[in-house]
Amino acid sequence: MTVSHAPPSAMPAPLEKPSAPTRMPPELEAVVPASVRRSRLRAAPRWVRRAVGPLLLLVLWQVFSATGVLDPDVLASPGAIARSGADLMADGTLPAAMGVSLQRVIVGLLLGGVIGTSLALVSGLSRLGEDLVDATVQMLRTVPWVGLIPLFIIWLGIGEAPKVALIALGVAFHLYLNVYAGIRGVDAQLIEAGTSLGLGRWGLVRHVVLPGALPGAMTGLRYSLATAWLALVFGESINADAGIGFLMNQAREFFRTDVIVVCLVVYAFLGLTADVIVRILERLLLQWRPTFTGQ
């Protein structure tokens, strides 16, 4: 029996398995956090975003004035107001009036601040002081301070005194309420902790109570500044012969709406400047108190 051996080359080739189709790796999409998306929307500086509203209002105002929708005798156009403001600045009328009004506000603010803060300390730090002071202040606070103008004229005349007194009265009430609330809002556990550390009465007042009441005091200062400018408007209507209110009264007699608006813009600018100064003070004095600033 003969067995034949086939040469290796004659042997059938092994079957190759079909290659699997090559799968492409999935494309990865970058995931952008929501905070980053929001930051892109807010890429513009804050001062640009804050200026959008006033600029849009000015554009609409100018368009209505140019098309005759707004009568110049009712309300002057922004261009006419800008020209009047430039003329008042050039001849020195507006800077002089601003100086007089600023002096009245500063004196009234200092006087009212000292009175309001002193009464708040007496009433807030002592129960006896609260019994003697708080009821009287709360009663006087409910009296419309603008309605006291006739009495101020009778008591103090028509000079600078009634104007300064009116400003000081409005400032004192706001500071009293906020400083008093700040003192009484200090956490009692902080007082206990200070006592356990050996702080005496004045040590507690200095290191615990007054720092704790400082945020309320700064809030009261902001309210007081707004009230001071409001009181100045009323005060300068009392037979004033200088100041921004005096310019407004003169413009009213001659139906100069452009000058009236210039004076109102100056009031707003001075008030805004005072508010910015208080905000800077808050950042400097309240660095120890982290607060929520928005998202």
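Going by the structure above, here's the rest.
So, a few notes on the structure that sits alongside this text. (Residues numbered from 1 in each chain as written. Predicted model: local features only at pLDDT ≥ 70, side-chain atom pairs only at ≥ 80, totals over all residues. Heavy atoms only, no water.)

### A closer look at the overall build of the protein chain
Then step 1. Helix and strand counts for the protein chain stand at eleven helices and zero strands.
Then step 2. Along its sequence from the N terminus, the protein chain presents helices and strands in the succession α-α-α-α-α-α-α-α-α-α-α.
Then step 3. Looking at the 295 residues of the protein chain, the share that counts as buried comes to 31%.
Then step 4. Partitioning the contacts of the protein chain with sequence separation of at least 6, the portion at a separation of at least 24 is 71%. (Helix = DSSP H or I, 4+ residues; strand = E, 2+ residues; numbered from the N terminus. Buried < 20%, exposed > 50% of the residue type's maximum accessible area, 1.4 Å probe, protein only. Contact = heavy atoms within 4.5 Å.)

### With respect to the packing of helix α4 (residues 93–125) against helix α5 (residues 127–141)
Then step 1. Across the interface, α4 lies against α5 with an axial gap of 6 Å and an inter-helix angle of 130°. With respect to α5, the element α4 is oriented oblique. Every pair of crossing elements has a handedness; the one defined by α4 and α5 is left-handed. Contact residues: α4 offers Leu119, Val122, Ser123 and Leu125, while α5 offers Arg127, Gly129, Glu130, Val133, Asp134 and Val137.
Then step 2. The residue inventory of the contact of α4 with α5, partitioned by class, reads five nonpolar, two polar and three charged. (Axes fitted to C-alpha atoms, helices over the stretch in contact; angles between N-to-C directions. Parallel < 35°, antiparallel > 145°, perpendicular 65-115°, else oblique. Left-handed = near helix turned anticlockwise from the far one by under 90°. Nonpolar A, V, L, I, M, F, W, Y, C, P; charged D, E, K, R; others polar.)

### Observations concerning the side chain of Glu236
Then step 1. The residue Glu236 is located in the loop between α9 (201–235) and α10 (244–253) in this model.
Then step 2. Using a relative accessible area of 0% as the deciding quantity, one classes Glu236 as buried.
Then step 3. Within the local environment of Glu236, its side chain forms a polar contact with the backbone nitrogen of Gly245, the two atoms lying 2.5 Å apart.
Then step 4. If sequence neighbours within four positions are ignored, Glu236 has contacts with Ser101, Arg104, Lys163, Ala242, Gly243, Ile244, Gly245, Phe246, Asn249 and Tyr267. (Polar contact = N/O pair within 3.5 Å; in protein donor to acceptor, adjacent residues only side chain to side chain.)

### Here's the deal with unusual backbone geometry
Then step 1. For Phe255, which is not glycine, the phi torsion reads 55° and is therefore positive.
Then step 2. Mapped onto the fold, Phe255 is located in the loop between α10 and α11 (257–285).
Then step 3. The exposure class assigned to Phe255 is exposed, which follows from its relative accessible area of 70%.

### With respect to a positive patch on the surface
Then step 1. A surface patch of positive charge is lined by Arg46, Arg49, Arg50 and Arg283.
Then step 2. With three residues, helix α2 (residues 46–66) is the largest single contributor of residues to the positive patch. (Patch = residues over 30% accessible without salt bridge, like charges linked within 9 Å, V, L, I, M, F, W, Y side chains within 5 Å. Areas by Shrake-Rupley, 256 points an atom, 1.4 Å probe, with all protein chains shown as cover. Salt bridge = Lys/Arg side-chain N within 4 Å of Asp/Glu carboxyl O. Lys, Arg positive; Asp, Glu negative; His and termini not counted. Charge placed at Lys NZ, Arg CZ, Asp CG, Glu CD.)

### So, the environment of Leu121
Then step 1. Here Leu121 lies in helix α4.
Then step 2. Residue contacts for Leu121: discarding those within four places in its chain leaves Ile183 and Leu210.

### A closer look at the side chain of Lys163
Then step 1. Structurally, Lys163 can be placed in helix α7 (residues 160–184).
Then step 2. Residues contacting Lys163, with those up to four places away along its chain left out, are Arg104, Ile158, Gly235, Glu236, Ile238, Asn239 and Ala240.

### A short note on a nonpolar patch on the surface
Then step 1. Nonpolar side chains collect at one region of the surface, where Leu272, Val276, Ile277, Ile280, Leu281, Leu284 and Leu285 lie side by side and expose about 620 Å² of accessible area between them.
Then step 2. Among the structural elements, Val276 can be located in helix α11.

### Considering the pattern of salt bridges
Then step 1. Scanning the model with the defined rule gives six salt bridges in all.
Then step 2. Note that Arg104 and Glu236 form a salt bridge whose closest N and O atoms lie 2.8 Å from each other. Of this pair, Arg104 sits in helix α4 while Glu236 sits in the loop between α9 and α10, and the two are 132 residues apart along the sequence. Here the two residues Arg104 and Glu236 agree in accessibility, since each one is buried.
Then step 3. For Asp275, the salt bridge goes to Arg222, with nearest N and O atoms at 3.0 Å. Residue Asp275 is located in helix α11, and its partner Arg222 is located in helix α9; the two are separated by 53 residues in the primary sequence.
Then step 4. Given the relative accessible area of 27%, Arg222 is considered partly exposed.
Then step 5. One connected set of salt bridges, linked through shared partners, spans Arg104, Glu160 and Glu236.

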